[in-house]
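Notes for the structure review
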Amino acid sequence: MRGTGQHETLIGIALMVSAVAGFASIDASAKFLSGTMSPMLIVAVRYLVSFVIVAVFLAARRDIVGLMRTRRPGLQVLRSLCLVTATMCSFVALRYLPLAQVTSITFASPLVVALIAGKLLGERVGWRRAIAVLIGFSGVLVVSRPGLSGMHPAALLAVVTALVNGVYIVVTRMLAAHDPPETTMFYTGLVGSVLTAPALPFLWETPSETSTWIGIASVGFFGALGHWLLILAHRRAPASTLAPFAYAHLLWAVLLGFLIFGHLPDHWTVIGGAIVAASGLYLLYQERPRVTPPGEEGAV
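Below you will find a few notes about this structure. (Residues numbered from 1 in each chain as written. Predicted model: local features only at pLDDT ≥ 70, side-chain atom pairs only at ≥ 80, totals over all residues. Heavy atoms only, no water.)

1. Focus: the packing of aromatic side chains
Applying the stated rule across the entire model yields six aromatic pairs. Measuring from ring centre to ring centre gives 5.0 Å for Phe107 and Tyr247, while their planes differ by 55 degrees; the resulting arrangement is tilted. With Phe107 in the loop between α5 (99-106) and α6 (109-121) and Tyr247 in the loop between α12 (239-242) and α13 (248-261), this residue pair connects regions lying 140 residues apart in the sequence. Exposure remark for Phe107: the relative accessible area of 9% places this residue in the buried category. One aromatic cluster is present, formed by Phe51, Phe186 and Tyr187 through successive ring pairs. Above the ring of Phe261, the side-chain terminus of Lys31 is found at 5.6 Å from the ring centroid. For the cation-ring pair, Arg46 lies above Tyr47, with the distance from its terminal atom to the ring centre recorded as 4.4 Å. (Phe/Tyr/Trp six-rings, centres within 6.5 Å; stacked < 30°, edge-to-face > 60°. Helix = DSSP H or I, 4+ residues; strand = E, 2+ residues; numbered from the N terminus. Buried < 20%, exposed > 50% of the residue type's maximum accessible area, 1.4 Å probe, protein only. Lys NZ or Arg CZ within 6 Å of the ring centre and 35° of its normal.)

2. Description of the pattern of salt bridges
Per the stated rule, a full pass over the model turns up two salt bridges. One salt bridge connects Arg236 with Glu8, and the closest N-O pair in it is separated by 2.9 Å. Linking Arg236 in helix α11 (residues 210-236) with Glu8 in helix α1 (residues 3-33), this pair joins segments that are 228 residues apart in sequence. On the accessibility criterion, Glu8 (25% relative accessible area) is partly exposed. In this structure, Glu182 and Arg235 form a salt bridge, with 1.8 Å as the shortest nitrogen-oxygen distance. With Glu182 in helix α9 (residues 181-196) and Arg235 in helix α11, this pair connects stretches of sequence that are 53 residues apart. For Glu182, a relative accessible area of 6% translates into the label buried. (Salt bridge = Lys/Arg side-chain N within 4 Å of Asp/Glu carboxyl O.)

Given below as structure tokens:
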């Protein structure tokens, strides 16, 4: 590889790590806001603020009419529905569980993809991938600890988040062949805002604390920034190179959980998270010849 190619790849990796830092910041902001705001209100604010930022930014760079032109409107709506559902479940789970625990469970999404991609995308699920999926789901059980007194019901919402994110990833792959990532990003915010904004008049209470306003701005800003950095990363480096760095999200979640909330993951979360991550990385290794489209890392 030429020096220029190496430089571009390193920039792409840096952008990818920054993107997942943005996604972890969305979760941290949502967890902070959950102390004073309802999860539904946080979801509505997240999509509305993010959509305004994205719409203004993209409109300044591209023809807005052309940006809205999609060849698969049904898939765009389905993808956005999946993301809104995953966001809602994740934000409720974050209200009760540490950041690192929720993140570890939701990172089972690639395992879900491995199970459903065979029928929807025509991808073959061999015995190695099947075993990796089973091992990965055992990691989810270690993190959530079902049947033990320490399990919180909110862990089930994190599992639902992983399941819905899996569908979201597959639909994103299907859309990649029809629409540019900017169009998909635009529709994510548009559909998300249309679905959640009607709740604002009924749930909104003007915050009295400056920190709450900062949290509101952060959850929308990082939502827009994370997805845009993800697009830029995939323009600089191959998806197969960038994909493993999505797991830096786990490290950012641990760091932010400690710095903001004083939480350190317990040994079960560390062990289970490591199992989930290892299984996901193995699946990525098995799928390395196939190009993965940007924006499918299951970010909320």
